Amino acid sequence: MQEVIDTAHAVVDECRVHLDTDGLVIRAVDPANVAMVNEQVSADAFEAYDTDCGEIGINLERLDEVVGIADNDDDLVQFDLDPKTRKLDVQVNAVEYTLALIDPAAIRAEPDIPDLDLPAAVSVDEAEFKRAIRAADMVADHITLQVDEREECFIANAEGDTDDVDLELTGDDLEDADWGSAYSLFSLDYLKDLRKPIPTDTVVRMRLGEEFPAKLTFELADGAVDVEFMLAPRIQSD
Amino acid sequence: MQEVIDTAHAVVDECRVHLDTDGLVIRAVDPANVAMVNEQVSADAFEAYDTDCGEIGINLERLDEVVGIADNDDDLVQFDLDPKTRKLDVQVNAVEYTLALIDPAAIRAEPDIPDLDLPAAVSVDEAEFKRAIRAADMVADHITLQVDEREECFIANAEGDTDDVDLELTGDDLEDADWGSAYSLFSLDYLKDLRKPIPTDTVVRMRLGEEFPAKLTFELADGAVDVEFMLAPRIQSD
Amino acid sequence: MQEVIDTAHAVVDECRVHLDTDGLVIRAVDPANVAMVNEQVSADAFEAYDTDCGEIGINLERLDEVVGIADNDDDLVQFDLDPKTRKLDVQVNAVEYTLALIDPAAIRAEPDIPDLDLPAAVSVDEAEFKRAIRAADMVADHITLQVDEREECFIANAEGDTDDVDLELTGDDLEDADWGSAYSLFSLDYLKDLRKPIPTDTVVRMRLGEEFPAKLTFELADGAVDVEFMLAPRIQSD
């Protein structure tokens, strides 16, 4: 559950949560309209799930703290929504925390998920991806993510004043690829935030285009949660 | 030994230690007269114990640091008191630290332990108790500790501006209980300090009354150390 | 590799590295001329080693960060030097970091290693040595390192305003000793820095004299790296 909250929290501090019988959906865009999250949490992600349909507004920072009082992953966390009082009861063992919800109307409207036609896709191991972002952040503010259709390789590249960082993965290094041509520049500040909730030993699928937004998708909780991040490109300055 | 020091240090920075043939006793009250500690360390808590009777004054912060140079719990720490020079030799393996003692007369007089008649007692698992304090601290400055004699339950409750925290334990959840009526308000700042030295997997016994001090007792070192904290209640403001 | 970098970094931020077919050598002295490092890294310390002879200038802080992107000790780190561009390629799995080198001529000249005739030598376990430095640092700014030829013992001693720290090791406690007479005072600030790169479960050999510099030697990487620190004494102030 902490992972689900951290994932949305990588983009916004408050969000609307849609509840229906199959599970819950969080869609949010950051205040600068650069990063977007679309998170689908299946009812299977819960030990037990039973809900009226509806929409609630959540302070993610506060909820993250509350869920954090569970001492370990085995502690069961139970959520009970009281629609009349607009309160969410969070129960961790015998301790019950009553969280005031936010009026969804007071939270920024959810974004429409744009239907982008991105020509290239690569599936990379999160460890290499995170390592490249971490190294790139030592030398620059931006990183280019590139797919070379002819050479069949994925390249991440950051150029600093004196030092450079490169990650180059060919077909053999990738879990999976749809070769197409892509080249876009992204802000490392945003990528550093989006990187955090990606669990270890996960495959991150990236869809990329030419000066187009990137789509990063991965799974949490053994596939019970589908996460999609979208990140707008920066305009090349040179 | 670190636990014994941390326990007294939760209340005061300097204290008097009474030594006699059976063990040592620390009694101290904090400068605001809100929290009191009464710690009885049996000679059994030591590998070897041999002492002249007497009273010494200790800087707990300094002693805590010195004992902290032991790398792990297996490192034997040896204390030798030189009553003439008023120095305490602390030996950790081959390193010997000579700690200047404080004149006991320069340390605040020890409190008389009041003989309170507290009608209710409950024994709770430290994990639930600590979790309730941690969650309560997110929403408020105070917490009420309450025993409902008729319902036979223990209730800890903190009310914040928007969020609330409750811990409710009935007979089945408690190790042990003497049902009586109790309801008092306590400062979370103090409880957060008193909570720290309580070891994991320990049972904390609380004696409570109506707007009366609370007595918290627990054991360290497999029962060789008995700790009693007393905490004065806050006046209900509403 | 991180250990090799940290060792030189304990003395300087930038250094010259001499490369030849047998391995590499780092010799550097700190800006105040108090501490000196002489580090010999055998080619055996590397999985594979192949080099042109030469000298390069390295920013140790930056290189430390770069090598730090390896997630764990099993990640192979590969260095490739391009003498034409004066760049060092550091490859950690698929991520390649291109580090700009520094013109060696711009880095402080390497010190001549003085050929000191130090009469006493003791080999002590790093744990006792580090513990003594840590305890001494609680009470004073300086520590005396002393060898008593007649008593056949090594003594480290720090005297504070109220508290003292002593480490006394006789023949039985020492791995090895050449008895001679030695007594010198050293700055704890420097010793705290030099202590850090010493690995756990290592023996530190100290050569000492009368108001003379100390030589500390130890091994890294199962003997593939020889480290020698030299530390100038402080003048006794009393």
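Criteria and thresholds
Residues numbered from 1 in each chain as written. Chains lettered and ligands numbered in written order. Predicted model: local features only at pLDDT ≥ 70, side-chain atom pairs only at ≥ 80, totals over all residues. Heavy atoms only, no water. Contact = heavy atoms within 4.5 Å. Buried area = accessible area lost by both parts, 1.4 Å probe. Salt bridge = Lys/Arg side-chain N within 4 Å of Asp/Glu carboxyl O. Polar contact = N/O pair within 3.5 Å; in protein donor to acceptor, adjacent residues only side chain to side chain. Helix = DSSP H or I, 4+ residues; strand = E, 2+ residues; numbered from the N terminus. UniProt positions renumbered as here; feature names shortened; annotations may be inferred. Least-squares fit on C-alpha atoms with pLDDT ≥ 70 in both. Buried < 20%, exposed > 50% of the residue type's maximum accessible area, 1.4 Å probe, protein only. Pairing = 2+ DSSP bridges. Axes fitted to C-alpha atoms, helices over the stretch in contact; angles between N-to-C directions.

1. Observations concerning the interface of chain A and chain C
1) Next: On the side of chain C, 17 residues touch chain A, which itself brings 16 residues to the contact.
2) Next: Between chain A and chain C, a total of about 1,300 Å² is buried, with carbon and sulfur atoms accounting for 48% of that surface.
3) Next: Looking at the side of chain A facing chain C, the largest losses of area belong to Arg131(A), Met138(A) and Asp163(A), adding up to 46% of the total buried there.
4) Next: Put simply, chain A and chain C have 2 salt bridges between them.
5) Next: Counting the contacts that link chain A with chain C gives 11 residue pairs in polar contact (both at pLDDT 80 or more).
6) Next: For the side of chain A that touches chain C, the elements supplying multiple residues, two or more each, are α3 (126-139) and β11 (164-170) of chain A.
7) Next: The dominant element in the side of chain A that touches chain C, judged by the number of residues it contributes, is α3(A), at 8 residues.

2. Here we look at the UniProt feature "domain: Proliferating cell nuclear antigen PCNA C-terminal" (unreviewed entry) in chain A
1) Next: Listed under "domain: Proliferating cell nuclear antigen PCNA C-terminal" (unreviewed entry) in the UniProt record, and renumbered for this structure, are residues 113-233 of chain A.
2) Next: In residues 113-233 of chain A, helix accounts for 18% and strand for 46%; the two terminal C-alpha atoms are 16 Å from one another.

3. Things to note about the relation of the copies chain B and chain A
1) Next: Note on the copies: chain B fits chain A at an RMSD of 0.0 Å, the axial shift is 0.1 Å, and the rotation between them is 120 degrees. Accordingly, the operation relating the two chain copies is best matched by a three-fold axis. Closest approach to the rotation axis within chain B is made by the C-alpha atom of Asn72(B), at a distance of 14 Å.

4. Structural notes on the interface of chain B and chain A
1) Next: Every contact between the two is made by 16 residues of chain B and, on the other side, 17 residues of chain A.
2) Next: Of the roughly 1,300 Å² buried between chain B and chain A on both sides combined, carbon and sulfur atoms contribute 48%.
3) Next: When the area that chain B buries against chain A is broken down by residue, the three leading residues are Arg131(B), Met138(B) and Asp163(B), summing to 46%.
4) Next: Summed over the shared surface of chain B and chain A, the result is 2 salt bridges.
5) Next: Where Arg131(B) meets Asp75(A), a salt bridge forms, and the shortest distance between an N and an O atom there is 3.4 Å.

5. Description of the pairing of strand β14 (residues 203-208) of chain B
Residues and elements named next belong to chain B.
1) Next: Burial of β14 is one-sided: the residues Val204, Met206 and Leu208 facing one way are buried, the residues Val203, Arg205 and Arg207 facing the other way are not.
2) Next: Pairing of strand β8 (residues 120-125) with β14, which is carried by 6 bridges, proceeds in the antiparallel orientation. The partner of Val124 across the bridge, within β14, is Val204.
3) Next: Between β14 and strand β15 (residues 214-220), which follow one another and run antiparallel, lie 5 residues, and Glu211 among them has a positive phi close to 50 degrees.

6. Quick notes on the sheet that holds strand β2 (residues 23-29) of chain C
Residue and element names in this part refer to chain C.
1) Next: Strand order in this open sheet of 9 strands is β4-β1-β2-β3-β16-β15-β14-β8-β12, and the pairing throughout is antiparallel. Where the open sheet ends on each side, the last strands, each with one partner, are β4 (54-59) and β12 (176-178). Across this sheet, the average inter-strand angle for adjacent strands is 20 degrees, counted without regard to direction.
2) Next: Along the sheet, helix α1 (residues 2-9) contacts β2, β3 (35-42), β15 (214-220) and β16 (225-231); its crossing angle with β3, the most-contacted strand, is approximately 160 degrees.
3) Next: Packing of helix α4 (residues 188-195) onto the sheet brings it into contact with β3, β15 and β16, and relative to β16 it is tilted by some 175 degrees.

7. As for the sheet that holds strand β2 (residues 23-29) of chain A
All names here are of chain A.
1) Next: The strand order across the open sheet built from 9 strands is β4-β1-β2-β3-β16-β15-β14-β8-β12, with neighbouring strands paired in antiparallel fashion. Edge positions in the sheet fall to β4 (54-59) and β12 (176-178), since each of these pairs with one other strand and no more. Mean inter-strand twist for the sheet, computed between neighbouring axes without regard to direction, equals 20 degrees.
2) Next: Of the strand pairs in this sheet, strand β8 (residues 120-125) and β12 are connected by 3 bridges, and their pairing is antiparallel. Across the sheet, Val122 pairs through a bridge with Ala177, a residue of β12.

8. Some details on the environment of Gly57(B)
Residues and elements named next belong to chain B.
1) Next: Note on placement: Gly57 falls in strand β4 (residues 54-59).
2) Next: By relative accessible area, Gly57 is classed as buried at 0%.
3) Next: Along the chain, Gly57 and Leu116 lie 59 residues apart, while their C-alpha atoms are 28 Å from each other.
4) Next: When near neighbours in sequence (up to four residues on either side) are disregarded, Gly57 contacts Cys15, Arg16, Leu101, Ile102, Pro104 and Ile107.

9. Structural notes on the environment of Glu228(C)
All names here are of chain C.
1) Next: Examined against the element boundaries, Glu228 turns out to sit in strand β16.
2) Next: Separated by 188 residues in sequence, Glu228 and Gln40 have C-alpha atoms that sit 8.7 Å apart.
3) Next: Among all residues touching Glu228, those that are not within four sequence positions of it are Met36, Val37, Asn38, Ile113, Lys215, Leu216 and Thr217.

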